[in-house]
Amino acid sequence: MFDPKTYCVVVVGAQWGDEGKGKLVDVLAERADLVVRYQGGANAGHTVDLGSSHFVLHQIPSGILHPSCTCLVGNGVVLDPERLFQELDQLEARGVATAGRLLVSERAHLVLPYHKLLDAASEKHQQIGTTGRGIGPAYEDKYGRRGLRVGDLRRAADLADLVGERVERANRLLAMMGAPERASAEEHVALLARLAPRLLPLAIDTGLRVHRALRGGQRVLLEGAQGALLDVDHGTYPFVTSSNTTAGGAAVGTGIGPTAIDGVLGVVKAYTTRVGNGPLPTEAQGAEGGRLRELGGEFGATTGRPRRCGWFDATVVRYSARVNGLTGLAVTKLDVLDDFAEVPVGVAYELDGAPCEEVPGDSETLARVRPVYEVLPGWRKPVTGARRLADLPPEARAYLDRIEDLAGTPIRYVSVGTRRDQIIEV
């Protein structure tokens, strides 16, 4: 995606998350100077497989494994500081030098223990399928103008009052929801007092840093979490995450103007998965769904929960191309389909017996659509060794050509295995 005229690229999930964004960011980061996470939090699980070692990154951008790359956590992220340092320490213990290479926005909101208590209590009532990491309540506080930001930790003298008010409110809500747990203001203050000396030296105006990098001709990757169909505005509401996962959120969550973005790479699996509740029109039932799950290792990197699996849904990807302004696609996990004699592709929907050309705006209607399938021949050969399109079996090439045509977006990358080197650049 980087060329002499392209300096700022957004990497987004174009389905329901878990598409393999971590691998693509890791591949592209070799040519980037900065990698910036722009939304979400510790509910993300971006996996990078180096072959000899395997990393799952939750809050730290996937470019951290490249020594020449600086990583930023943008203002649109809700940051769990305790888990951030656990992740940093784990990387250091495994030989990844991070000193001076990770910076966080002073405007990023903090996820604190009381947010996790509220998340767990709320999930018992709503059954959305959250990760329980406190992400939703932290975003609620942000937009309710009662959040705590990284920069607030500089106000040490006011910290007890700031935390006390928020913990007291959280405990009232917990009582209203019938939850037995209560948060302790003293424990929160002690936690922040312990973390502040380590966190504040990392705190900067990340938007300014990105702006200056682009003006200086550096290359910047903006890394999203989750997927477009989980966007709070454009996803399958209410079965969504609490932030804008689409490319428009990249400018807001990073602190740059939208005209600074040169390209948007949408990452899709060669099939479809989803974690948690909500509609999934092309979901494969019974043995077929289980086979996709086992072959693809479809269990959440953050929660370990089994993912629901189904066939490629071109209507969803076409919708994602529109709301993200995709300039290219990266297709991952093509190798998972190696053993199928036939591969169905969802090419359209029917609703109450009539054609339905777009993703409906409400989940109840989307749950009623019926996919229209086109069945393509499988290739029944391993593709994991392919490094050029010409190395793929003709049937695999035809499959990619068809989903490219249906999505209306050119394919730029094809992943044929989990490892960093198992990638085809088109």
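Data block above holds the structure.
First, a word on what this report is: a plain description of the structure on this page.

Scoring rules and cut-offs
- Residues numbered from 1 in each chain as written.
- Predicted model: local features only at pLDDT ≥ 70, side-chain atom pairs only at ≥ 80, totals over all residues.
- Heavy atoms only, no water.
- Core = buried A, V, L, I, M, F, W, Y, C linked by side-chain atoms within 4.5 Å.
- Buried < 20%, exposed > 50% of the residue type's maximum accessible area, 1.4 Å probe, protein only.
- Helix = DSSP H or I, 4+ residues; strand = E, 2+ residues; numbered from the N terminus.
- Contact = heavy atoms within 4.5 Å.
- Phe/Tyr/Trp six-rings, centres within 6.5 Å; stacked < 30°, edge-to-face > 60°.
- Lys NZ or Arg CZ within 6 Å of the ring centre and 35° of its normal.
- 1 Å grid on protein atoms, 1.4 Å probe; cavity = no way out; pocket = protein on both sides within 12 Å on 5 of 7 lines; lining within 4 Å.
- Points joined across faces, edges and corners; volume = space filled by probe spheres on them.
- Nonpolar A, V, L, I, M, F, W, Y, C, P; charged D, E, K, R; others polar.
- Expected span 1.5 Å × (residues − 1).
- Arc of directions from axis to C-beta.
- Axes fitted to C-alpha atoms, helices over the stretch in contact; angles between N-to-C directions.
- Parallel < 35°, antiparallel > 145°, perpendicular 65-115°, else oblique.
- Left-handed = near helix turned anticlockwise from the far one by under 90°.

1. A closer look at the nonpolar core
Then, in step 1: Among the nonpolar cores identified, the biggest contains 58 residues, and V104, L199 and L221 are the most heavily contacted of them.
Then, in step 2: No other element matches the 6 residues that helix α5 (residues 159-176) contributes to this core.
Then, in step 3: Residues in contact with L221, not counting those within four places in the same chain, are F2, V9, V11, V25, L28, A29, A32, L34, V35 and V36.
Then, in step 4: Of all hydrophobic cores here, the second largest spans 56 residues; its members include Y271, C309, L376 and V416.

2. What about the packing of aromatic side chains?
Then, in step 1: One pass over the full model with this rule turns up 3 aromatic pairs.
Then, in step 2: Between W379 and Y399, the ring centres sit 5.7 Å apart and the planes meet at 55°, which makes this aromatic pair tilted. With a gap of 20 residues between them, W379 in the loop between β18 (370-377) and α12 (394-407) and Y399 in helix α12 connect regions that are remote in the sequence. One exposure class covers both W379 and Y399, and it is buried.
Then, in step 3: Here the basic side chain of R94 rests over the ring of F55, its NZ or CZ set 3.9 Å away from the ring centre.
Then, in step 4: Over the ring of F340 we find R291, and its NZ or CZ is 4.1 Å from the ring centre.

3. Side note on unusual backbone geometry
Then, in step 1: In this structure, P238 follows Y237 across a cis peptide bond, with omega equal to 5°.
Then, in step 2: With respect to the secondary-structure elements, P238 resides in the loop between β10 (220-223) and α8 (248-254).
Then, in step 3: Of note, the phi angle at D352 is positive, near 55°, even though the residue is not glycine.

4. Points about the layout of surface pockets
Then, in step 1: What the second largest pocket holds in volume is close to 230 Å³.
Then, in step 2: Lining the second largest pocket are 16 residues, and of these Y143, N244, G249, V252 and G253 lie nearest its centre.
Then, in step 3: Only α4 (135-143) and α8 provide two or more residues apiece to the lining of the second largest pocket.
Then, in step 4: Of the residues forming the lining of the second largest pocket, the biggest block, 4 residues, is contributed by α8.
Then, in step 5: Among the residues forming the lining of the second largest pocket, the class breakdown is 4 nonpolar, 10 polar and 2 charged.

5. Quick word on α5
Then, in step 1: The end-to-end C-alpha separation of α5 is 26 Å, in line with the 26 Å expected for 18 residues at 1.5 Å each.
Then, in step 2: Three or more residues of α5 are buried, namely L159, L162, V163, R166, V167, A170, N171 and L174. Along the axis of α5, the buried positions cluster into a sector of 155°, meaning they face one direction only. Exposed and facing more than 90 degrees away from the buried side of α5 are D161, E165, E168 and M176.
Then, in step 3: Where α5 is buried, its residues contact α3 (113-126) and α6 (185-199).
Then, in step 4: G178 occupies a position one or two residues after α5 and carries a positive phi of about 75°.

6. Overview of the packing of helix α2 (residues 81-93) against α6
When two helices pack together, their arrangement is given by the angle between the helix axes and by the axis-to-axis distance.
Then, in step 1: As a packed pair, α2 and α6 sit with axes 10 Å apart at the nearest point and diverge in direction by 50°. Judged by the angle between their axes, α2 and α6 are oblique. Judged by the twist between their axes, the crossing of α2 over α6 is left-handed. Of the residues in α6, those in contact with P81, E82, L84, F85, L88 and D89 of α2 are L191, R194, L195, R198 and L199.
Then, in step 2: Looking at the contact of α2 with α6 residue by residue, the class counts come to 7 nonpolar, no polar and 4 charged.

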